[in-house]
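# Fold and geometry: a report
If you want the building blocks of each chain, they are given just below.
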Amino acid sequence: MLIGTLLLLQLGCGNEKKNTTEKNAEPVKIYVSTKLNGITEIAAGDTLRIDVNETDEMYQLIIRRIQENIPGIKSISAVIGDQETGLATLIYRDGRLSGFMDMYVTNKRWQIEYDEENNSYYLNEIKPEDRDELEGGEPLTPPNEMN
């Protein structure tokens, strides 16, 4: 009886470890280059360019709004390319940029992060199933009534 219980306990714990390992897999880092010179002086209407390393892919973020509610921390809102391509929400703090780029057409969400070891920025794709979204409730778009 004791051996059977220990065997079941071991199998149960073994499966749990396997599932958590799969969920916590290391993300693929897509390294990018960006020119951050003068970002402390950036203003609405300016463009921030993000080039994906070793490819021709590039994102132009056109700054819509900058706010500094806390000294030294700037929140930046930008459209990507044009308003139809996507939207970026960024934070600039301690000389580092971080945030998200939401691409409308491809339904991709990129997280912009900084890699201390390589002294470089990278993009990390956030898959739809991994996104933190509120469940329930009605959609915020009003019904389209033609009467």
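This write-up is about the structure you can find in this document. Quick caveat: nothing in here was measured; it's all calculated off a predicted structure. (Residues numbered from 1 in each chain as written. Predicted model: local features only at pLDDT ≥ 70, side-chain atom pairs only at ≥ 80, totals over all residues. Heavy atoms only, no water.)

## A look at the nonpolar core
In terms of nonpolar packing, the biggest core is built from 23 residues, with Tyr59, Leu61, Leu90, Leu97 and Met101 touching the most fellow members. Looking at this core, the elements with two or more residues in it are strand S2 (47-52), strand S3 (58-70), strand S4 (73-80), strand S5 (86-93), strand S6 (96-103), strand S7 (108-115) and strand S8 (120-126). Residues contacting Tyr59, with those up to four places away along its chain left out, are Leu48, Arg49, Ile50, Val52, Ile80, Met101, Met103, Trp110 and Leu123. (Core = buried A, V, L, I, M, F, W, Y, C linked by side-chain atoms within 4.5 Å. Buried < 20%, exposed > 50% of the residue type's maximum accessible area, 1.4 Å probe, protein only. Helix = DSSP H or I, 4+ residues; strand = E, 2+ residues; numbered from the N terminus. Contact = heavy atoms within 4.5 Å.)

## Describing empty space enclosed by the protein
For the structure on display, the rule yields 1 cavity of 30 Å³ or more. Size it by volume and the largest cavity reaches roughly 40 Å³. Around the largest cavity, the lining residues are Val32, Thr34, Ile50, Leu97, Ile112 and Tyr121. Class assignment for the residues of the lining of the largest cavity results in 5 nonpolar, 1 polar and no charged. (1 Å grid on protein atoms, 1.4 Å probe; cavity = no way out; pocket = protein on both sides within 12 Å on 5 of 7 lines; lining within 4 Å. Points joined across faces, edges and corners; volume = space filled by probe spheres on them. Nonpolar A, V, L, I, M, F, W, Y, C, P; charged D, E, K, R; others polar.)

## What about the side chain of Asp115?
As for its placement among the helices and strands, Asp115 is situated in strand S7. Judged by relative accessible area, which is 8%, Asp115 ranks as buried. In this structure the side chain of Asp115 is engaged in a polar contact, spanning 2.5 Å, whose partner is the side chain of Tyr31. In contact with Asp115, not counting residues within four places along its chain, are Lys29, Tyr31, Ser120 and Tyr122. (Polar contact = N/O pair within 3.5 Å; in protein donor to acceptor, adjacent residues only side chain to side chain.)

## Quick look at the pattern of salt bridges
Two side chains carrying opposite charge are able to pair once their charged atoms lie near each other. Applying the stated criterion across every chain, the model contains 5 salt bridges. The salt bridge involving Asp102 is made with Arg109; its shortest N-O contact spans 2.7 Å. Classification of Asp102 by relative accessible area gives partly exposed; the value is 23%. On the basis of relative accessibility, which here comes to 24%, the residue Arg109 falls in the partly exposed class. (Salt bridge = Lys/Arg side-chain N within 4 Å of Asp/Glu carboxyl O.)

## Re the packing of aromatic side chains
Any two aromatic rings considered together are summarised by their centre-to-centre distance and by the angle between their planes. All chains considered together, the criterion is met by 2 aromatic pairs. Aromatic side chains Tyr31 and Tyr122 sit 5.8 Å apart centroid to centroid with 55° between the ring planes, which places their arrangement in the tilted category. With Tyr31 in strand S1 (residues 30-34) and Tyr122 in strand S8, this residue pair connects regions lying 91 residues apart in the sequence. On the basis of relative accessible area, Tyr31 is assigned to the partly exposed category, the value being 23%. (Phe/Tyr/Trp six-rings, centres within 6.5 Å; stacked < 30°, edge-to-face > 60°.)

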